[in-house]
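# Architecture and fold: a report
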Amino acid sequence: MQMQQAISYQPWPPVHPTDAVLPVVGRRRQASPSEGDDGVLGVVKENAVVVLGRRGCCMIHVANRLLLGLGVNPVVYEVGESDEEVQRTMEDLQEGISGEKGAGGEVQLPAVFIGGRLFGGLDRIMTTHITGELVPVLKEAGALWL
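Residues numbered from 1 in each chain as written. Predicted model: local features only at pLDDT ≥ 70, side-chain atom pairs only at ≥ 80, totals over all residues. Heavy atoms only, no water.

Counting residues in each nonpolar core, the largest one holds 17 residues, and the members touching the most others are Val49, Leu67, Val72, Ile114, Ile125, Leu134 and Leu138. For this core, the elements supplying multiple residues, two or more each, are β2 (49–54), α2 (58–69), β4 (111–114), α4 (122–131) and α5 (134–141). Per element, the largest residue contribution to this core is four residues, and it comes from α2. Those residues within four positions of Val49 in sequence are excluded, and the remaining contacts are Leu67, Val72, Pro74, Val75, Val112, Phe113, Ile114, Leu138 and Ala143. Ranked by size, the runner-up nonpolar core spans 14 residues in total, among them Val50, Leu52, Met90 and Phe113. (Core = buried A, V, L, I, M, F, W, Y, C linked by side-chain atoms within 4.5 Å. Buried < 20%, exposed > 50% of the residue type's maximum accessible area, 1.4 Å probe, protein only. Helix = DSSP H or I, 4+ residues; strand = E, 2+ residues; numbered from the N terminus. Contact = heavy atoms within 4.5 Å.)

Take a look at the structure:
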């Protein structure tokens, strides 16, 4: 009996380099350094519902699917995987939310913004959905019409 020869393992090459700036795909945005000072704050102010998280995080998908199931089409804003980029985005958010640097509460990822204000994380979205309080909040923000 003759043994089979093993095929060597070769990983798939990345689809795009990790430092590449990706274009907007549907309602999904990638953070890019060329967005200027407004960046994520501008996206939060312009849209009724924004889900912010790390690129590739599965919890973004959970929050997005929950909101899509309710009839809301949120903008998903993905921040790069490097700690410096995440830290810079979080500092910008905390400064923009509180109005001054170093003040305000801690923003944790994934973060959901409804009506231009920080609503909370996935736990808050799930809790308010279960208690029936999420739909009125979304209607008040203009994300739902019915």
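What follows concerns a nonpolar patch on the surface. Nonpolar side chains collect at one region of the surface, where Met59, Val62, Met126 and Ile130 lie side by side and expose about 340 Å² of accessible area between them. Among the structural elements, Ile130 can be located in helix α4. (Patch = residues over 30% accessible without salt bridge, like charges linked within 9 Å, V, L, I, M, F, W, Y side chains within 5 Å. Areas by Shrake-Rupley, 256 points an atom, 1.4 Å probe, with all protein chains shown as cover. Salt bridge = Lys/Arg side-chain N within 4 Å of Asp/Glu carboxyl O.)

What follows is about the pairing of strand β5 (residues 117–120). Relative to β5, β4 is paired through three bridges, and the arrangement is antiparallel. By the bridge assignment, Ile114 is partnered in β5 with Arg117. Where β4 hands over to β5, the hairpin turn is made up of two residues, of which Gly115 adopts a positive phi near 65 degrees. (Pairing = 2+ DSSP bridges.)

Counted residue by residue, helix α1 (residues 39–46) has six buried out of eight residues, so it is predominantly covered. Among the residues of α1, those classed as buried are Gly39, Val40, Leu41, Gly42, Val43 and Val44.

Tracing the backbone through its elements, the reader meets Phe119 in strand β5. Its relative accessible area of 10% is what places Phe119 among the buried residues. Sequence separation between Phe119 and Val137 is 18 residues; the distance between their C-alpha atoms is 9.6 Å. Not counting chain neighbours up to four residues away, the residues in contact with Phe119 comprise Val112, Phe113, Ile114, Arg124, Ile125, Thr128, Leu134 and Val137.

Every buried residue of α4 is listed here: Leu122, Ile125 and Thr128. End-on view of α4: buried residues confined to an arc of 140 degrees, all on one side of the axis. Looking at α4, the residues exposed on the side facing more than 90 degrees away from the buried face are Asp123 and Ile130. The secondary structure elements touched by the buried residues of α4 are α2, β4, β5 and α5. One or two residues past the end of α4 sits Gly132, with phi positive at roughly 85 degrees. (Arc of directions from axis to C-beta.)

Turning to the pairing of β2, a few remarks are in order. Here β2 lies mainly inside the structure; five of its six residues are buried. Two strands pair when backbone bridges link them, and β2 and β4 are joined in this way by four bridges, in the antiparallel orientation. Pairing of Val49 across the sheet is with Ile114, part of β4. As paired elements, β2 and strand β3 (residues 75–79) share five bridges and run parallel to each other. Within β3, the position partnered with Val51 by the bridge is Val76.

Spatial relationships are all this shows, so hold off on functional conclusions.
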